[in-house]
Amino acid sequence: MSPAARLAAAVILGLFALQIAWHGWLAPPARSAPWAMALFFALPILPALVLLALRHRRAGFWGALAALLYFSHGVMAAWASPDVRGLALLQVALSALLVVAASWDGVRARFAGRRPAPPAV
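All values reported here derive from a predicted model rather than from experimental measurement.

(A) Inspection of the packing of helix H1 (residues 3-26) against helix H3 (residues 46-53) at higher detail. Where H1 meets H3, the closest approach of the two axes is 10 Å, and the angle between their N-to-C directions is 135°. Our classification of the angle between H1 and H3 gives oblique. Crossing angle aside, the handedness with which H1 passes H3 is left-handed. Of the residues in H3, those touching H1 at Ala-9, Ile-12, Leu-13 and Phe-16 are Leu-46, Ala-48, Leu-49 and Leu-52. For the contact of H1 with H3, a count of residues per class yields 8 nonpolar, no polar and no charged.

So this is what it looks like as structure tokens:
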């Protein structure tokens, strides 16, 4: 497993833990059951967790897809709710890191061995 894949795996676990902690413990909702909201917000990252447990190579891809949802939610929550701004910005940072880590190996392979084009004369 490459360093980028290990980082993606760690961030997938971190995003899952953040959802459970945020919605279940640190800032539980006032009008609904905290465990239900924690489960609801953890659902998008669950396929990546299952693939990670199975050591499947596509876990980072599915995690990055879920990270796009978490990124959008984090930006919206940081903008609209000052009381959870820290948690929301942490979610945004983890989401962006997951997208970069999941695509790092592919981008590196794509541009490996390429030389810059010679300057036009």
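(B) Inspection of the nonpolar core at higher detail. Judged by nonpolar contacts, the single largest core of 14 residues is most densely connected at Ile-12, Leu-15, Ile-45, Tyr-70, Leu-94 and Leu-98. Looking at this core, the elements with two or more residues in it are H1, H3, helix H4 (59-80) and helix H5 (85-111). Not counting residues up to four positions away in its chain, the partners in contact with Leu-94 are Val-11, Gly-14, Leu-15 and Leu-18. Grouped together as the second largest cluster of nonpolar side chains are 5 residues, Trp-22, Ala-77, Val-84 and Ala-88 included.

(C) Structural view of unusual backbone geometry. The residue Arg-55 is not glycine, and still its phi comes out positive at about 60°. Secondary-structure assignment places Arg-55 in the loop between H3 and H4. A residue is classified by how much of its surface remains accessible, and Arg-55, at 73% relative accessible area, is exposed.

Thresholds applied
- Throughout this description, residue numbers start from 1 for each chain and increase along the sequence as written.
- Local features in a predicted model are, by the rule used here, given only for residues with pLDDT of at least 70; side-chain atom pairs are given and counted only at 80 or more, and totals for whole chains, interfaces and linings are based on all residues.
- Only heavy atoms go into the side-chain values, all of them from the structure, while hydrogens and water stay out.
- With axes taken as lines fitted to C-alpha atoms, and helix axes fitted only over the stretch in contact, angles between N-to-C directions fall between 0 and 180 degrees.
- Elements are defined by DSSP. Helices are runs of H or I of four residues or more, strands are runs of E of two residues or more, and each kind is numbered from the N terminus.
- Working rule for angles: under 35 degrees goes down as roughly parallel, over 145 as roughly antiparallel, 65 to 115 as roughly perpendicular, anything else as oblique.
- Crossing handedness: left-handed means the near helix sits turned counterclockwise from the far one by under a right angle, and right-handed means the same turn made clockwise.
- We call two residues contacting when some pair of their heavy atoms lies within 4.5 Å.
- Just so you know the grouping, Ala, Val, Leu, Ile, Met, Phe, Trp, Tyr, Cys and Pro go in nonpolar, Asp, Glu, Lys and Arg go in charged, and all remaining residues, Gly too, go in polar.
- We call a set of buried Ala, Val, Leu, Ile, Met, Phe, Trp, Tyr and Cys residues a nonpolar core when their side-chain atoms join them within 4.5 Å.
- For every residue, the accessible area (1.4 Å probe, protein chains only) is compared with the maximum for its type, and the residue is labelled buried under 20%, exposed over 50%, or partly exposed between those bounds.

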